[in-house]
Amino acid sequence: MHGIGGASSGADRDLRWDRLRQAIGDTWPAGGIEALCESCCVALTEVFDLIGAFAVREKPGGGLRILAHAGKQPDLLRELVQEELRWAGMDAGHRPANPLRSGRPLILSPGDPAYSLWFGSAAPYGVVRIGIWPLAVADRGTAALVLCAGDEDTLTAPASLELMARFVKRMEPAVNAQAEHDRLTLLSAALSKAACAAFVTDRDNIIEWVNEAFADLTGYAREDLIGQTPRLIKSGHQDQEYYRSVHECIRAGKAWRGELTDRRKDGSFYVAEQTITPIVENDGRRTVTHFVAIQQDISERKRMEREIRELMLHIEHARQQERCQLARELHDELGGSLASLRRDIEWLLERIDEPAHRERLLIMQELALASLGTARQVVAGLRPTLVDELGLVGALHWLIRDFVQHHDIAVHPELPVELSRLDPHRAAELYRVVQEGLTNVAKHSQANLVTVKASVGDELVLEITDNGIGASDGHYPSGGHSMTERAGLMGGYLEIEQLGDRGTRVRLRVPLKQTEHGL
């Protein structure tokens, strides 16, 4: 097929147009953007009898990326690439950027020194004209068709310019559609091969797409999942209220993140960290059309957390046993010796009248009493033996009375008798949490009133609320970490809530089994 001249017939132009149009239709939309551009370059070289044709895209920094090429001189492409020709820059040879910015085609002539770099590489291959037609490719950067002709009139004849304008107008939407098709294909492939399980539902919660990881995680084949709802893997571990709150969140167009326990096809359970993101139409009403859910199996992590918690419980139990033993020894040996010493000093004071001797005995008596008080505090700190002796409620009332005696702070306890039904380990840990909470109030809150309130039901809830200056950044300056650790050992968690300028509330929550709270 020969190049177009100024006197080409209408039939000839129609024939050439059919060839160019066929180049687009043969590859779009399934062949990929490079295949589409290559088909177009091949057709252009045939229709215009070109030495070479290139489809290029501007890279960041002004460089060129060759999308496709065709022509009589394959080495021409190598020469152009080796010269590292650029669309944009300060030195000569970079003015081809002009048509890209203006959106208008440009015909380059060898006589213009601004394009000497281009023709310096192209002229040895017989190129006497270079035409650049920009392509508007959405979200793909600036692109263009570069045609290298060996005849001066090939690209400048009115019939050539008309045909190229018509071709570019048809090629642009095809390239954009192909680019979008490629992007969606890549996205689908990436999601299909992603390590995290993912699925997409419509607005009625019907599953429309799943990736391989989700099929592997649940044990269902992809065709068994499509058309179902996520109820297929519902485990029953979460109640209806839980799911209602999830649906309210995502149907309002907000993303939801949380943990779910789901059931596999074989009946086994797994714990998933899940994110559900609504897809919202930009129609002014923000209509939700689909939901994208991404799951990560954290069953192994949860198992390890349970094992670590059990190990910490074992360690804490051993520590408590050692503290208990040490506390008994201090109470029985040291406490008994100090009490005996105090009685002997009192006996001597009844019988000695010498002022100097009595003064020395009074000092000894004061030291003995102080040492006895210190020993009792050490014993109480090592092991809350009062919990064993008085029960948890009685021990807490004793702790509160002792706290009020040593600090100018009123305490209002609200402690139900059900607390006494807690197992010994949790009772001891709860005692410690209250003890540390009151200590923090005394040290940091500047409060004059504290409420210690507890309730026992499906969970144990303990609240320590003060009317002080509040904790900095929602955390106690000290002691909060220890309280959090104790909450974890009990299988619960700690919340620290700022009450503005009205103080701080520390809330301990521990889920309970029915046998633990006796209800």
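Just so you know, these numbers come straight off a predicted model, no measurement behind them.

Caption draft 1: Structural context of empty space enclosed by the protein. Within the structure shown, the criterion is met by 2 cavities of 30 Å³ or more. There is about 30 Å³ of room inside the second largest cavity. Every element with two or more residues in the lining of the second largest cavity is listed here: strand 1 (52-58) and strand 2 (64-71). Broken down by element, the lining of the second largest cavity gets its largest block of residues, 3 residues, from strand 2. Of the residues in the lining of the second largest cavity, the class split is 5 nonpolar, 4 polar and no charged.

Caption draft 2: Representation of the side chain of T218. Looking at where T218 falls in the secondary structure, it is placed in helix 7 (residues 212-218). Judged by relative accessible area, T218 falls into the buried class, the value being 0%. A polar atom in the side chain of T218 sits 3.4 Å from the backbone nitrogen of Y220. In this view, T218 contacts L225, I233, R264, K265 and Y270; residues no more than four positions away in its chain are not counted.

Caption draft 3: Representation of the packing of helix 2 (residues 33-48) against helix 6 (residues 158-193) in the model. It is the contact of helix 2 with helix 6, at a shortest axis distance of 9 Å, that shows an interaxial angle of 165°. Comparing the axis directions of helix 2 and helix 6 gives the class roughly antiparallel. In this structure, the crossing between helix 2 and helix 6 has a hand that is right-handed. Along the contact surface, helix 2 presents I33, L36, C37, C40, L44, V47 and F48, while helix 6 presents S160, L163, M164, F167, M171, A174, V175, Q178, A179 and D182.

Caption draft 4: Summary view of the pattern of salt bridges. Evaluated as defined, the whole model comprises 21 salt bridges. Between R21 and D18 there is a salt bridge; the shortest N-O distance is 2.9 Å. Residue R21 and its partner D18 are both found in helix 1 (residues 10-25); the two are separated by 3 residues, about one turn of the helix. Note on R21: relative accessible area 36%, which makes it partly exposed. Among the ionic contacts, a cluster of salt bridges with common partners joins E459, E463, E495, E497, R505, R507 and R509.

Criteria and cut-off values
- The residue numbering used here restarts from 1 in each chain and proceeds along that chain's sequence as written.
- For a predicted model such as this one, the threshold for reporting local features is a pLDDT of at least 70, and the threshold for listing and counting side-chain atom pairs is 80 or more; totals across whole chains, interfaces and linings nevertheless cover every residue.
- Heavy atoms throughout the structure, all of them, feed into the side-chain values; hydrogens and water do not.
- Any residue with an atom within 4 Å of a point lines the site, the site being either a cavity, points on a 1 Å grid over the protein atoms alone where a 1.4 Å probe fits but cannot get out, or a pocket, an open set with protein on both sides within 12 Å along at least 5 of 7 lines.
- Grid points are joined across faces, edges and corners, and a volume is the space filled by probe spheres set on the points.
- Only runs of H or I of at least four residues qualify as helices and only runs of E of at least two qualify as strands under DSSP, and these elements are numbered from the N terminus.
- Under the convention adopted here, Pro, Cys and the residues Ala, Val, Leu, Ile, Met, Phe, Trp and Tyr are nonpolar, Asp, Glu, Lys and Arg are charged, and Gly plus all remaining residues are polar.
- Three exposure classes are used, based on accessible area relative to the maximum for each residue type with a 1.4 Å probe and protein chains only: buried under 20%, partly exposed in between, and exposed over 50%.
- Nitrogen and oxygen atoms within 3.5 Å of one another constitute a polar contact, given that in protein one can donate a hydrogen and the other can accept it, and given that sequence-neighbouring residues count only through two side-chain atoms.
- By definition, residues are in contact when any of their heavy atoms lie within 4.5 Å.
- Angles here are taken between N-to-C directions and fall from 0 to 180 degrees, while the axes themselves are lines fitted to C-alpha atoms, restricted in helices to the stretch in contact.
- Each angle is binned into one of four classes, with values under 35 degrees roughly parallel, values over 145 roughly antiparallel, values of 65 to 115 roughly perpendicular, and all other values oblique.
- Crossings are classed by handedness, with left-handed meaning an anticlockwise turn of the near helix from the far one by less than a right angle and right-handed meaning a clockwise turn.
- Salt bridges, as used here, are contacts in which a Lys or Arg side-chain nitrogen is within 4 Å of a carboxyl oxygen on Asp or Glu.

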